[in-house]
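Summary of the model geometry
Residues per chain, in single letters:
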Amino acid sequence: MTTQILNYDQAVSGDTKVTHTTITIAAGENVEKFAPLVHDATSGHFKAAAADATKADYLSAFAVDATTGAKAHSAIKSITIDPAFVAYPETMTDAKKSGLFAGTPISTQSPA
């Protein structure tokens, strides 16, 4: 079993306590570190947000390759993160990015 050491020092840009929750990444997904995660109603698991997403639930804490099957993941449930570190989909608009985590304890804030 491999242990991941989670160090967010460079990415954290506020004083929100970083917390995690265990979720399952859907089979077939290859998720980048700090990717916004959305619930997939079909599988009941989570996957990386698409460019047209309007709400994300969590952030991935590290890259996850679930291409061969669903995998457990310790996702970030709360954080204030520098938006430069968030792995948004390439074609996601700034308007979508700005409201993606509304209503969650995840916020994006550029460093002062």
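Thresholds applied
Per chain, the residues get numbers from 1 upward, laid out in the order the sequence is written. Local features are withheld for residues below a pLDDT of 70 in this predicted model, meaning they are given only at 70 or higher, and side-chain atom pairs are given and counted only at 80 or more; totals for whole chains, interfaces and linings count all residues. For side-chain calculations, the full set of non-hydrogen atoms in the structure is used, while hydrogens and water are omitted. Each helix is a run of H or I in the DSSP string that is no shorter than four residues. Each strand is a run of E no shorter than two, and both are numbered from the N terminus. With residues, only the protein chains shown are counted as cover, and all accessible areas are computed by Shrake-Rupley using a 1.4 Å probe. His is not counted, nor are the chain ends, whereas Lys and Arg count as positive and Asp and Glu as negative. In plain terms, the charge of a residue is placed at NZ if it is Lys, CZ if Arg, CG if Asp and CD if Glu. Per-residue accessibility, obtained with a 1.4 Å probe over protein chains only, is compared with the maximum for each type, and a residue is labelled buried under 20%, exposed over 50%, and partly exposed between these values. Salt-bridge detection follows one rule: a side-chain nitrogen of Lys or Arg within 4 Å of a carboxyl oxygen of Asp or Glu. At least two bridges found by DSSP between two strands is the condition for calling them paired. Whether two residues are in contact is decided by their heavy atoms: any pair within 4.5 Å suffices. In these notes, a set of buried Ala, Val, Leu, Ile, Met, Phe, Trp, Tyr and Cys residues joined through side-chain atoms within 4.5 Å is what counts as a nonpolar core.

So, about the overall build of the protein. The number of helices and strands found in the protein is one helix and eight strands. Going from N to C terminus, the protein has its helices and strands arranged as β-β-β-β-β-β-β-α-β. Structurally, the protein occupies a C-alpha span of about 40 × 35 × 20 Å along its principal axes. Within the structure as shown, the protein displays about 6,400 Å² of accessible surface, and the carbon and sulfur contribution to it stands at 49%. For the protein, the centre of its 8 positive side-chain charges and the centre of its 11 negative side-chain charges are spaced 6 Å apart.

Below, the discussion takes up unusual backbone geometry. Of note in this structure, phenylalanine 34 is not a glycine but carries a positive phi near 60 degrees. Turning to its location among the elements, phenylalanine 34 is positioned in the loop between strand E2 (29–31) and strand E3 (36–40). Judged by its relative accessible area of 5%, phenylalanine 34 is buried.

Now for the pattern of salt bridges. One pass over the full model with this rule turns up three salt bridges. Residues aspartate 94 and lysine 97 are paired through a salt bridge, measuring 3.9 Å at the closest nitrogen-oxygen approach. You can see aspartate 94 and its partner lysine 97 sitting in helix H1 (residues 94–99), three residues apart, about one turn around the helix.

Take the pairing of E3 next. Here is the key point about a regular strand: its side chains alternate between the two faces of the sheet. Across the five residues of E3, four count as buried, placing the element largely inside the fold. With two bridges joining them, E3 and strand E5 (residues 58–59) adopt antiparallel strand pairing. Residue pairing across strands places leucine 37 opposite tyrosine 58, the latter belonging to E5. Where E3 and strand E4 (residues 45–48) come together, four bridges link them in antiparallel fashion. Across the sheet, the residue bridging to histidine 39 is phenylalanine 46, located in E4. Linking E3 back to E4 in an antiparallel pair, the connection comprises four residues, with glycine 44 at a positive phi of about 80 degrees.

Our next topic: the side chain of aspartate 82. Tracing the backbone through its elements, the reader meets aspartate 82 in the loop between strand E7 (71–81) and H1. For the buried aspartate 82, no salt bridge exists, and the shortest N-O distance to an oppositely charged side chain is 11 Å, to lysine 97. Those residues in contact with aspartate 82, other than ones at most four positions away along the chain, are Ala11, Ser13, Gln109, Ser110 and Pro111.

As a further point, take the nonpolar core. In summary, soluble globular proteins display a tendency toward joint burial of nonpolar side chains. Core analysis: the largest hydrophobic core is formed by 30 residues, its most contacted members being Leu37 and Leu59. Elements supplying a minimum of two residues to this core: strand E1 (19–25), E3, E5, strand E6 (64–66) and E7. Per-element tally for this core: the top contributor is E7, with four residues.

Let us now look at the environment of alanine 27. For alanine 27, the position within the fold is in the loop between E1 and E2. In sequence terms alanine 27 and phenylalanine 46 are 19 residues apart; their C-alpha atoms lie 9.2 Å from each other. Every residue in contact with alanine 27, bar those within four places of it in the chain, is listed here: Ala66, Gly69 and Ala70.

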